[in-house]
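So the chains spell out like this:
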Amino acid sequence: MACNSQEYIAHHLTNLTYGKLPSGYVRKELVPVKDEAGNAVADESGCPVTTVRETELTTSTWTIAANGQEAKDMGFMAVHVDSLGWSVFMGLLFVWFFSRVAKKATSGVPGTAQNLVEAVVGFVDNTVKETFHGRSPLIAPLALTIFVWVFLMNSLKWIPVDVVPGIAHALGAPYFKIVPTADPNGTLGLSIGVFLLIIFYSIKVKGAVGFAKELSFTPFNHWLAVPFNLFLEILGLLTKPLSLALRLFGNMYAGEVVFILIALLPFYAQWVLNVPWAIFHILVIPLQAFIFMVLTIVYLSQAHEDHH
Amino acid sequence: MNMNLTILGQMIAFAIFVWFCMKFVWPPLVAAMRERQEKIAEGLDAANRATRDLELAQEKAMNQMREGKEKAAEIIEQANKRANQIIDEAKSAARAEGARLVAAAQAEVEQEVNRAKEELRKQVSELAVAGAAKILGKSVDAAAHGDLLNTLADEL
């Protein structure tokens, strides 16, 4: 996969990207240099020597990015296949397991699966009831989905960093990054969803005028302060999804980087750091899922509060 | 760190999962949990009621037992009284019967004695006649001396 540690780290932090390259784009491909006998040439440190092969695209093409530069050049018209795939897979896992239990849910003596599910549901329900005082059929299921889904996505971190990318590489994928929450796209997708709900409920509860008034006349209730208020409030509003997404992303990304760094150690020494770090994540992974959920509830309950 | 369509994909997936959860996961689970809560509350209620019922029943049973004992004692007392009465009655009956028997026996004895006396009297008169006949050497006309004989017999 990669020869030196710098490449190794970069390799592990690049998503498998499927996107559009414009026509006229020059693809730069690294190909190993071969001697006359057809054997790969290596330098003194044992790394294969490569040379750049350039090919110019005649039409714009949808393709898998062969390297980080290409992924970057694809711009917005690209999809992180690995992030999206794993997040959808984890979401389906959640939906499948919970709906299976829900379908068979009995008010009698619950089985093991139902116990587990009910513990989670009860926990989320309590948290919602403590924080959110309005009535909404959406908030509690939303909180449950966020908590379990984010937890499942985070928990992909427990899989040793080389296992899944190694398999993917063997299957021909140049890059593979499995933790969707260590991808800002993944966390921003969630938090923008929450943001839209904040806007929706603010307008629904307070009315468009009420919401505009709240933005204009808090914290300083004077017409001269309206521009300042607007600036402050809109900034505050936009900070919510950003902080939600970046907190989760930052935590997961940093943890991932540390796992990758540990993986650079000789294999017999890795467990010394790897095991404590993984155990530490027993705390971090549910905690981050919980924080995301609680902040979502808090933001939505703020959106439901009418100050007038 | 490229921002791209993944955000959109993630948002769509998020919306679908939340919708699904809201539709098919949350309501049945919460309903089941609430129903169980009610059942438990009912069960506890029933248990409380049962405890109270049990206390009442125990009290009732004790009362009945006490009543039963009292009644039994009363019955025993009555029975004792009745037994004494019966014994007394039997005693007096026996006494009366004894007296009656004694009286009857005495009457019979008296009758026997009278009959024996009569018999003796009759025999004495015959003996007297026979003796007199022997002494006089001739027969005594019983008819002629009947009055005499009777007088004699009466004197004996």
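Computed from a prediction, not measured in an experiment: that's the story for all the values here.

Each value, and the rule that gives it
- Residues numbered from 1 in each chain as written.
- Chains lettered and ligands numbered in written order.
- Predicted model: local features only at pLDDT ≥ 70, side-chain atom pairs only at ≥ 80, totals over all residues.
- Heavy atoms only, no water.
- Buried < 20%, exposed > 50% of the residue type's maximum accessible area, 1.4 Å probe, protein only.
- Helix = DSSP H or I, 4+ residues; strand = E, 2+ residues; numbered from the N terminus.
- Arc of directions from axis to C-beta.
- Contact = heavy atoms within 4.5 Å.
- Patch = residues over 30% accessible without salt bridge, like charges linked within 9 Å, V, L, I, M, F, W, Y side chains within 5 Å.
- Areas by Shrake-Rupley, 256 points an atom, 1.4 Å probe, with all protein chains shown as cover.
- Salt bridge = Lys/Arg side-chain N within 4 Å of Asp/Glu carboxyl O.
- Lys, Arg positive; Asp, Glu negative; His and termini not counted.
- Charge placed at Lys NZ, Arg CZ, Asp CG, Glu CD.
- Buried area = accessible area lost by both parts, 1.4 Å probe.
- Pairing = 2+ DSSP bridges.
- Axes fitted to C-alpha atoms, helices over the stretch in contact; angles between N-to-C directions.

Residue and element names in this part refer to chain A. Turning to helix α6 (residues 163–170), its buried residues number three or more, namely Val164, Pro165 and Ala168. Viewed end-on, α6 has its buried residues packed into an arc of 100°, placing them on one side of the element. Where α6 is buried, its residues contact α1 (5–12) and α3 (81–103). At the exit of α6 stands Gly172, carrying a positive phi of roughly 105°.

A few words on a negative patch on the surface. On the surface, B:Glu35, B:Glu38, B:Glu42 and B:Asp45 cluster together into a negatively charged patch. Structurally, the position occupied by B:Glu42 is in helix α1 (residues 6–136).

It is common to report an interface's size as the accessible area lost on association of the parts. Facing 28 residues of chain B, the contacting portion of chain A comprises 56 residues. Between chain B and chain A the total buried area reaches about 3,600 Å² when both faces are included, carbon and sulfur atoms providing 76% of it. The largest per-residue losses of area from chain B upon contact with chain A belong to B:Phe14, B:Phe17 and B:Trp26, which jointly make up 21% of the total buried on that side. The interface formed by chain B and chain A holds 1 salt bridge in total.

Attention now moves to the pairing of strand β1 (residues 17–21) of chain A. Residues and elements named next belong to chain A. As paired elements, β1 and strand β5 (residues 78–80) share 3 bridges and run antiparallel to each other. The partner of Thr17 across the bridge, within β5, is His80. Alignment of β1 against strand β4 (residues 61–64), held across 4 bridges, turns out to be antiparallel. Bridging from a neighbouring strand, Leu21 pairs with Thr61 of β4.

Our focus in this paragraph is unusual backbone geometry. Between A:Thr218 and A:Pro219 the backbone carries a cis peptide bond, its omega angle lying at 0°. Here A:Pro219 is to be found in the loop between α7 (184–217) and α8 (226–263).

Moving on, we get to the sheet that holds β5(A). All names here are of chain A. Overall, antiparallel pairing links the 3 strands, which are arranged β4-β1-β5 in an open sheet. The sheet terminates laterally at β4 and β5, the two strands that pair on one side only. Between one strand and the next, the sheet's axes are offset by a mean angle of 15°, whatever the strand orientation.

Without other data, these values stay purely geometric and don't point to any function.
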